[in-house]
Amino acid sequence: MLEHDASPDHDRHMRRCIELARRALATADAPVGAVIVIGDRIVAEGVERVKARRDVTAHAEIEALRAACVALGSTDLTGATLYTSVDPCMMCAYAIRLARVGTVVSGTPPMGAATPLDGWTVLAGADAVPNRPMPRVVRGVLAEECRALLMAWRSPRGVGHD
């Protein structure tokens with residue numbers, strides 16, 4: 001289910017994602033931050049670290065999922081909400097579905113042309129991940145602020161060009 005839901009909680013948690021995204025930007029990584037929330041408590045955070053770690057799987061969402069699974073002692077994140085400053089890619093979306101995250105809240109789409117097989121295909125496709133529930137999806141939370149970080153990163157004077 002895809003929707004836009006204005007909520008003070010969404011704004012608060014997305015602001016934390018933006019703070020984390022700024023950390024990534026400072027190290028020349030894509031400015032993406034993610035947090036996982038259960039109830040009203042942040043249980044894990046992730047910062048994009050692909051360049052810093054030389055690891056193509058070190059996306060902010062994956063980092064947050066890893067940290068949440070360790071913190072909670074389980075790979076089942078039923079009832080959790082994952083916030084991310086940028087829409088998840090296919091890899092991250094698949095991991096989100098495998099972990100049974102209940103809600104995904106994102107800030108802005110990635111820059112560049114959309115493809116027919118993006119993260120939303122995996123998140124919203126009933127058959128995309130067998131035996132895993134589709135999460136509720138909320139898009140566009142603090143979109144302008146999230147997009148501004150991407151634009152700064154992609155600008156000719158910015159620090160990153162992947």
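In what follows, the structure referred to is the one given above.
The paragraphs below set out a description of the structure included in this document. (Residues numbered from 1 in each chain as written. Predicted model: local features only at pLDDT ≥ 70, side-chain atom pairs only at ≥ 80, totals over all residues. Heavy atoms only, no water.)

**Focus on the environment of glutamate 61**
Note that glutamate 61 resides in helix α3 (residues 60-72). Separated by 27 residues in the primary sequence, glutamate 61 and alanine 34 place their C-alpha atoms 5.4 Å from one another. Contact partners of glutamate 61, with chain neighbours within four places excluded, come to Val32, Ala34, Leu82, Thr84, Val86, Asp87, Pro88 and Cys92. (Helix = DSSP H or I, 4+ residues; strand = E, 2+ residues; numbered from the N terminus. Contact = heavy atoms within 4.5 Å.)

**What about the side chain of arginine 97?**
Among the secondary structure elements, arginine 97 is positioned in helix α4 (residues 90-98). For the buried arginine 97, no salt bridge is present, and the opposite-charge side chain at shortest range is aspartate 127, 7.5 Å distant. Here the side chain of arginine 97 touches valine 122 through a polar contact of 2.6 Å, landing on its backbone oxygen. Ignoring anything within four residues of it in the chain, the contact list for arginine 97 reads Val122, Leu123, Ala124, Gly125, Ala126, Ala128, Val129, Arg132, Pro133, Met134 and Pro135. (Buried < 20%, exposed > 50% of the residue type's maximum accessible area, 1.4 Å probe, protein only. Lys, Arg positive; Asp, Glu negative; His and termini not counted. Salt bridge = Lys/Arg side-chain N within 4 Å of Asp/Glu carboxyl O. Polar contact = N/O pair within 3.5 Å; in protein donor to acceptor, adjacent residues only side chain to side chain.)

**Digging into the pattern of salt bridges**
By the definition in use, this model includes eight salt bridges. Between arginine 16 and glutamate 19 there is a salt bridge whose closest N-O contact spans 2.7 Å. Note that arginine 16 and glutamate 19 are positioned in helix α1 (residues 8-26) at a spacing of three residues, about one turn of the helix. In this structure, the salt-bridge partner of glutamate 63 is arginine 53, at a minimum N-O distance of 2.5 Å.

**Quick notes on unusual backbone geometry**
Phi at alanine 28 takes a positive value of approximately 75°, unusual for a residue other than glycine. The residue alanine 28 is located in the loop between α1 and β2 (33-38) in this model.

**Focus on the nonpolar core**
Nonpolar side chains in soluble globular proteins tend to be buried together. With 47 residues, the main nonpolar core has Met14, Ile36, Leu65, Leu77 and Val101 as its most contacted residues. Examining the composition of this core, we find that seven residues originate from one element, α1, more than from any other. When residues no more than four places from it in sequence are discounted, the contact partners of isoleucine 36 are Arg41, Ile42, Val43, Ala44, Ala64, Leu65, Ala68, Leu77, Ala80, Thr81 and Leu82. (Core = buried A, V, L, I, M, F, W, Y, C linked by side-chain atoms within 4.5 Å.)

**Comments concerning the pairing of strand β5 (residues 103-108)**
Counting buried residues in β5 gives six out of six residues, a clear majority hidden from the surface. One ladder, built from five bridges, connects strand β4 (residues 81-86) with β5; its direction is parallel. Each residue of the ladder has a partner; that of valine 86, found in β5, is threonine 108. Handedness of the crossover is the feature at issue here: the chain leaves β4, passes through α4, returns alongside β5, and the resulting connection is right-handed. Inspection of the sheet shows β5 paired to strand β6 (residues 136-138) by three bridges, in the parallel sense. The residue of β6 that forms the bridge with valine 104 is valine 137. (Pairing = 2+ DSSP bridges. Right-handed = clockwise from strand over helix to strand, strands pointing away.)

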